[in-house]
Structures are given as structure tokens and as C-alpha cells.
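# Examining the three-dimensional arrangement
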Amino acid sequence: MEDRSHKVLLALVMLFLFAVIVLQYVCPGTECQLLRLRALSPAAAADPYRAEDETPARFVPRFNFSAGDLLRRTGGTPFGRHLVRNIQLEQPCECRAGQKKCTCYRPGKRETWLFSRFSTGWSCGLHADWTELTNCVPSVVDSKKEVGLRPSSPAASPEQRGPASSAAGAGCSQHTFSCNTASSLNFYYITILRDPVSRYLSEWRHVQRGATWKASLHVCDGRSPTTEELPSCYTGDDWSGCSLQEFMDCPYNLANNRQVRMLSDLSLVGCYNLSVMPEEQRNKVLLDSAKENLKRMAFFGLTEFQRKTQYLFEKTFNMNFISPFTQYNSTRASSVEIDEQTQRRIEALNFLDMELYDYAKDLFLQRYQYMRQKEHQEARRKRHEQRKILRAKQVQLREQGQ
């Protein structure tokens, strides 16, 4: 009886191995890797992108976006570092120990492809916003052309060239991807957003340690705001040591709704002149502008979804990173313990950012879901083609055998 059970077990093992071998033969490509993992170990086949967050297994969209909004393809500080240190390029950026900036030249040319705090510094002012960048970047790049940083021949597509970037604020980094043509230079903007409460607490801790925004230009419609339009929250050299309560109590604090302001076209509301239109109307215009600019950008990611951000970036620009992004759940902001009342106060101060983030998260997850579906469809198509080829070979072998 025991010998018979051993034979049955051996037969099952042989059958399993035969099935794996057949699967490998029928579907040898990398697109079938997930299918083979399921055959070998159901646990190993878990979606690697779900471990980083608490996204429901079945995502239910709230906003209606067109296929063009979801499929984005072109020819924050951690993300900026990924661009200079962790992206696969024919000629990687040269980063020297002890230096904050890296040299990022295109192969065979002394022409930078990356416009970033990590490569060119704060060329458009400290943490320039969308309004500043869209007016500043073209002129800065043109000035570099005059010193020989622009190519003398038509450039390659964005997939071959890589990004040009400029950071724009804590938890809200804006980047500009450039693509040269024979007669012009096109820019593709991207941004990284962050949960508004975490971003607000992070900025408070940054300011509390002595950081200031004095180098920020806040240029809009060709000028910086007056002290009446943009009063200071503190006297002296900085605001170091300020409490969270003091930080929240300042009515002029640009930390409030920073992401909406930095992603919108401020010229639509008279820049920093609050008397141009009623507050309610101003808020609506800013939020609508931020949503539209975000949707039209070539790419945006979310700090809370590092792996999904990496996946969408690689699919959008047809570029790969060397190592996977890491989801850090322990930050300076996460170390701050606040009660429910303070949480609600911060949310109220950043009510526009809260609404923008809900919109961004929904669009982001829809884009991710859409891209994964396209990927699975392409894998099924390739498997179908491989099966057709296999059947054709089998028919041919049978005919030859006759």
C-alpha cells in the first residue's frame, strides 16, 4: 500500500514537471514570467506593486477621464536623485562625492540633458513654481545655447534623450523634459505630489530647523510680489524654532495649499494681488488650473506610490531605472505626532491641496490600471501568436511525417 502511494506521488510530481516544461516551450518569453510564477508558487505571483500602499484590490474610479488622459507616452527630491543616479543611459550622469550637483551630458556632446537642482542648480530661483518655470526655462536653455550647450544637429526623440528637470517645492517637484528638433525646443513637464498633511508637516519641520524661502523669486507677470502682497510670517533672519501652532496661525504662510499654487497659472488670478477677485472665485480658478495643468503634464507621480511611480515613468518615457524605487514610510513628517483636532486644522488650511490630491490620486491609479491592462493585453496577444506558430509547426511536422 505504501509503495503504491509513493508511485502515485511520483506520478503527480512528473506530471507537474511535464506541465512546467510544456509551458516553458509554449510560452518562453518574459511576458509569461508571471504565468510561470503562478504555476510554481501562487504566493510568489503576488502583484509587487500592491505591497507599497493600501490600495483596494479593486480600484473604483471617481472621475471620468478619456483614453488620451490615461495613456501618456512621449516619443520630489528622491525622484530628482533617481534621475541623476539611477536611470539607464548610454552616458550616465557623473556624480562626484561631496558635490551636490552632477554633470549630465549627452553622449559625445558637452550638452546637458537634465535641467535640475541636481545638475544645473536653482536656475529659475529656489523651488520655482509652474508659472515661473514655463516662463523661465526656455530663456535659460536659450542662454546655454549661446555658450555651446545646444546641439548643432537635430536631436533624438525624448525616449533616447532623457529628462530635463527643475525642482519646485517640498513634496511638489516639477520637472521639465526637453526634446530638440531642427528648429525648436519642446518641453515636457512632470511633477511629484505628496499627501497634503504629510507635506505640510514636512515643510514645518524644514522651516523649524532654519530653512527659508528668501531665494525664491515668486515671479509672475514679469515681477516679484511686493511686501504688501506677500508679507513675511516672521521677523529676523529665519523662523527657526517656530511651533506648529505658530506655523498654522500665520495667514500669509505659503505652505498653505502650496501644491495647488505651485501647479496653477497664477497670472489667471492676478498673481499675488488678492484684491483682483473674490477669494472663493480665486480658489476655484487656482484649483481648476492646477488640475488642468496636472492632467496635461507628460507625467506625474505620487510620493506615497514609489513603485507605481517608477512603473508609469518607465512606460511613459520608454526609459528604465537601474534599481527599484523604495517606499519609505518613515520620514520627518511621519515622526510628528498630532492629535485629531490638529489634523483637521491642517486639512482645513490645505483644503485646495486635499481636493487636488484626491483628483491626482484617482487619475494616477486610473493611469496605472490602464497601463497594466494594456500590458496584459499585449502579453495575451504575444501568447496567442506563439500558440499559432506552435500549431503551425506541429501541422508541418505531421505533414512531413506522412
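Scroll up a little and you will see the structure.
Please read these numbers as outputs of a predicted model, since none were measured by experiment.

### As for the state of the cysteines
Inspection of the entire model under this criterion finds 3 disulfides. Here Cys220 engages in a disulfide with Cys271; their sulfurs sit 2.0 Å apart. Across the S-S bond linking Cys220 and Cys271, the dihedral sits near -70 degrees, which makes this disulfide left-handed. Here Cys220, found in the loop between helix 7 (196-208) and helix 8 (244-249), pairs with Cys271, found in the loop between helix 9 (258-263) and helix 10 (279-296); they are 51 residues apart in sequence, far enough to count as distant. Considered together, Cys220 and Cys271 belong to a single accessibility category, that of buried residues.

### Digging into the packing of helix 7 against helix 12 (residues 340-349)
Their axes nearest at 10 Å, the elements helix 7 and helix 12 cross at an angle of 95 degrees. Taken together, the axes of helix 7 and helix 12 are roughly perpendicular relative to one another. Along the contact surface, helix 7 presents Val197, Tyr200 and Leu201, while helix 12 presents Gln343, Ile346, Glu347 and Leu349. Of the residues in the contact of helix 7 with helix 12, the class split is 5 nonpolar, 1 polar and 1 charged.

### What about the side chain of Asn293?
Considering the arrangement of structural elements, one finds Asn293 in helix 10. Here Asn293 falls in the buried class, since its relative accessible area comes to 12%. Ignoring any residue separated from it by four or fewer positions in sequence, one finds Asn293 in contact with Trp130, Leu263, Ser264 and Asp265.

### Focus: helix 7
Spacing of three or four residues puts side chains on the same side of an α-helix, whose turn is 3.6 residues. Look at helix 7: 18 Å from first C-alpha to last across 13 residues, which is about the 18 Å you get at 1.5 Å a residue. Within helix 7, the full set of buried residues consists of Pro196, Val197, Arg199, Tyr200, Leu201, Ser202, Glu203, Trp204 and Val207. Each element contacted by the buried residues of helix 7 is listed here: helix 8, helix 9, helix 12 and helix 13 (351-401). With its phi angle positive at about 110 degrees, Gly210 sits one or two positions after the end of helix 7.

### Concerning the nonpolar core
Grouped together as the largest cluster of nonpolar side chains are 50 residues, with contacts concentrated most on Leu193, Leu294, Phe300, Leu302 and Leu356. Looking at this core, the elements with two or more residues in it are helix 5 (130-145), strand 3 (185-193), helix 9, helix 10, strand 4 (299-302), helix 11 (306-317) and helix 13. Element by element, the count of residues in this core is highest for helix 13, at 10 residues. When neighbours within four sequence positions are excluded, Leu356 is seen to be in contact with Leu193, Gln259, Val260, Leu263, Leu287, Ala290, Lys291 and Leu294.

Conventions and cut-offs
- Residues numbered from 1 in each chain as written.
- Predicted model: local features only at pLDDT ≥ 70, side-chain atom pairs only at ≥ 80, totals over all residues.
- Heavy atoms only, no water.
- Disulfide = S-S within 2.5 Å.
- Helix = DSSP H or I, 4+ residues; strand = E, 2+ residues; numbered from the N terminus.
- Buried < 20%, exposed > 50% of the residue type's maximum accessible area, 1.4 Å probe, protein only.
- Axes fitted to C-alpha atoms, helices over the stretch in contact; angles between N-to-C directions.
- Parallel < 35°, antiparallel > 145°, perpendicular 65-115°, else oblique.
- Contact = heavy atoms within 4.5 Å.
- Nonpolar A, V, L, I, M, F, W, Y, C, P; charged D, E, K, R; others polar.
- Expected span 1.5 Å × (residues − 1).
- Core = buried A, V, L, I, M, F, W, Y, C linked by side-chain atoms within 4.5 Å.

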